[in-house]
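This is what each chain is made of:
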Amino acid sequence: MNVPFVDLQAEFREVDGEVSAAIRNVVQKGNFVLGPEVEGFEEAFARYVGSSCCIGVSSGTDALRMALEGIGISAGDEVIVPVNTFVATALAVTAIGAVPRFVDSVDESFLLDIAKAHEAVNSRTRAVIPVHLYGRMVAAEDLASFDLPVIEDAAQAHGQDCQGRRAGSVGRAGCFSFYPSKNLGAYGDGGAITTSDEELRDRLRLLRNYGQSRKYHHEIKGGNHRLDAIQAAVLRVKLKSLDRWNQCRRAAAAYYTNHLKDGISRPTGESVYHLYVIRVGNRDRLQGKLAEAGIDTGIHYPVPLHLAPCFKELGGRQGDFPVAERAAREILSLPMSPFITSEQQEYVVEKVNKWGEPV
Ligand SMILES: *Cc1c(COP(=O)(O)O)cnc(C)c1O
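Keep in mind the model is a prediction, meaning the values are calculated, not measured.

J.: What is the right way to read the site of the ligand from this model?
T.: For the ligand, the set of nearby residues contains 15 residues, the closest of which are G60, T61, D153, S177 and K182. Between the ligand and K182 there is a distance of 2.8 Å, counted from an oxygen atom to a side-chain nitrogen or oxygen. Elements that contribute at least two residues to the shell around the ligand include exactly α3 (60-70) and α4 (88-95). Partitioned by chemical class, the residues of the shell around the ligand number 5 nonpolar, 8 polar and 2 charged.

J.: Where do I start with the side chain of K238 in this structure?
T.: Within the secondary structure layout, K238 lies in helix α8 (residues 229-239). Exposure remark for K238: the relative accessible area of 1% places this residue in the buried category. Side-chain polar atoms of K238 contact the side chain of E11, separated by 2.6 Å. What K238 contacts, discounting residues up to four positions off in sequence, is E11, V19, L184, G185, Y187 and W245.

J.: Help me out: how do you make sense of the packing of aromatic side chains in this one?
T.: How two aromatic rings sit relative to each other is set out by the distance from centre to centre and by the angle between their planes. By the definition in use, this model includes 12 aromatic pairs. Over the face of the ring belonging to Y48 we find R166, whose NZ or CZ atom lies 4.0 Å from the ring centre.

J.: Just checking my understanding: could you explain unusual backbone geometry for this structure?
T.: Excluding glycine, most residues fall at negative phi; most peptide bonds, likewise, are trans. With an omega of 15°, the peptide bond between H300 and Y301 qualifies as cis. Note that Y301 resides in the loop between α10 (283-292) and α11 (322-330). Residues other than glycine seldom take positive phi values, yet L34 does so here, at roughly 50°. Topologically, L34 is positioned in the loop between α1 (8-29) and α2 (36-49). According to the relative accessible area criterion, L34 is buried, its value standing at 17%.

J.: Can you walk me through helix α7 (residues 198-207) in this structure?
T.: It helps to recall that an α-helix has 3.6 residues per turn; residues three or four apart then point in one direction. For α7, every residue scored as buried is listed here: L200, R201, L204, L206 and L207. Looking at the buried residues of α7, the elements they touch are β1 (53-57), α3, β8 (173-177), β9 (191-195) and β10 (212-214). One side-chain oxygen at the N-terminal end of α7 lies 3.0 Å from the backbone nitrogen of E199; it belongs to D197.

J.: Honestly, the sheet that holds strand β5 (residues 151-153) in this entry has me stumped. Any pointers?
T.: Sheet strands pair via backbone hydrogen bonds, and the direction of the pair is either parallel or antiparallel. Spatially, β1-β9-β8-β5 is the arrangement adopted by the 4 strands of the open sheet, whose pairing is mixed. One side of each edge strand has no neighbouring strand; the edge strands of this open sheet are β1 and β5. If you compare each strand with its neighbour and ignore which way they point, the axes differ by 20° on average. The strands touched by α2 are β1, β8 and β9; relative to β1, the strand with the most contacts, the crossing angle is about 125°.

J.: Hey, could you run me through the pattern of salt bridges in this one?
T.: A side chain with one charge can pair with a side chain of the opposite charge if their charged atoms come near. Overall, the coordinates contain 20 salt bridges when judged by the stated rule. The closest approach of N and O atoms between E18 and K240, which form a salt bridge, is 2.4 Å. Of the two residues, E18 is situated in helix α1 and K240 in the loop between α8 and α9 (242-259); the sequence distance between them amounts to 222 residues. The class for K240 is exposed, based on a relative accessible area of 59%.

J.: Explain the sheet that holds strand β3 (residues 99-103) to me, please; I cannot follow it from the model alone.
T.: With parallel pairing, the 3 strands of this open sheet are ordered in space as β3-β2-β4. Bordering the open sheet on either side are β3 and β4 (125-128), each of which pairs with just one other strand. Sheet twist, expressed as the mean angle between neighbouring strand axes with direction ignored, is 35°. Where strand β2 (residues 78-82) meets β3, 5 bridges bridge the pair, whose relative direction is parallel. Residue P82 lies in a different strand from β3, and its bridge partner there is V103. Those strands touched by α4 are β2 and β3, and its axis lies near 150° from that of β3.

J.: Please explain the environment of I331 as it appears in this structure.
T.: With respect to the helices and strands, the residue I331 is situated in strand β13 (residues 331-334). For I331, a relative accessible area of 1% corresponds to the buried category. Separated by 117 residues in sequence, I331 and R214 place their C-alpha atoms 49 Å apart.

The rules behind the values
- Every chain's residues receive numbers from 1 upward, in the order its sequence appears when written.
- Given that this is a predicted model, residues contribute local features only at a pLDDT of at least 70 and side-chain atom pairs are listed and counted only at 80 or more, while totals for whole chains, interfaces and linings are drawn from all residues.
- With hydrogens and water excluded, all non-hydrogen atoms of the structure serve as input to the side-chain values.
- Throughout, near means a residue has at least one heavy atom within 4 Å of the molecule or strand.
- Pairs of N or O atoms within 3.5 Å make up the polar contacts considered here, provided that, within protein, one atom can donate a hydrogen while the other can accept it, and that residues adjacent in sequence are counted only when both atoms are side-chain atoms.
- Numbering of helices and strands runs from the N terminus; a helix is a DSSP stretch of H or I covering at least four residues, while a strand is a stretch of E covering at least two.
- In the scheme used here, Gly and all other residues not listed as nonpolar or charged are polar, with Ala, Val, Leu, Ile, Met, Phe, Trp, Tyr, Cys and Pro taken as nonpolar and Asp, Glu, Lys and Arg as charged.
- Buried, partly exposed and exposed residues are distinguished by accessible area as a fraction of the type maximum, computed with a 1.4 Å probe on protein chains only: under 20%, between the cut-offs, and over 50%, respectively.
- Every residue pair with non-hydrogen atoms within 4.5 Å of one another is taken to be in contact.
- Between 30 and 60 degrees the pair is tilted, below 30 it is stacked and above 60 it is edge-to-face, where a pair is any two Phe, Tyr or Trp rings, Trp via its six-membered ring, whose centres lie within 6.5 Å.
- We call a charge positioned over a ring when the NZ of a Lys or the CZ of an Arg lies within 6 Å of the ring centre and within 35 degrees of the ring normal.
- At least two bridges found by DSSP between two strands are what make those strands a pair.
- Angles here are taken between N-to-C directions and fall from 0 to 180 degrees, while the axes themselves are lines fitted to C-alpha atoms, restricted in helices to the stretch in contact.
- What counts as a salt bridge is simple: a side-chain nitrogen of Lys or Arg found within 4 Å of a carboxyl oxygen of Asp or Glu.

Here it is, written out as structure tokens:
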């Protein structure tokens, strides 16, 4: 048996009719950039998240970079970033000349250690980027505990909520990616920023579109960071299924959690399970055995950011962030998508229980 890590073909089979018609409609009308499809999606996604505004942009990385720029972060400012996240969270900071200030994660949740984040604040700190990693949301009260602007990296948590607030609606801005394998994915790159700050919304609209207020009238130095209309049309259709797909992910996660043997450490807490991450003592060996058995797995992420060569100027050393460093050696992401079948899951569980060793 073959178990893919995600199954985008199965998803397409489900939405084919409506998505294909929506794409065709954009092509027929010839409105490819911004326009009614993008506005329609922005409105629907803002409502879904529970923010008053949404700005469609070209990717999750651009969303983060523009949100930072939009709230006035500039060269030399420090921004707190968890060391256990996808590289884009920190690249958004360095892209505008600001400096990531790395903070360790919490052992059990893998999320930003809030107490350590508070300790890391100094006179140059201008913002915090908590990441709702693997589909689990940083608690709303923790997000509210900073006296600094909070930019939520919600690229893995479309639809997750905490104390009645959805990911992306709590901080000054929420940043989303619609990379194809995310819980809400486009058919190419895409992203969005949600905010309830109308001044920030207006600035972001300028920033994504050459800084122009109307054609050839350029107020600030913007760029070209727009969500395109075909992607918006796809996302508008798929957004209607997001809650149901997240429920399927939760059901698949519950199956893993209930059937993996004792000693295999599994996720805790509420999550929309962008990823289902276990911890084992023999991670590399287990991953190799599973690959031989036709089971695709992933490691999210193998190198904590302070040890990534691209950030070597920050002087990070082995031992600086022991919780994240240990996690990086033990974590393994099992196949997860709304379309994973019970036969596939049974097979994965059988093999993990056979070869996985307790941490
Ligand atoms: C995917 C992802 C991003 C980047 O999004 P892109 O659309 O690929 O640029 C940023 N942060 C996290 C946590 C992500 O998972």
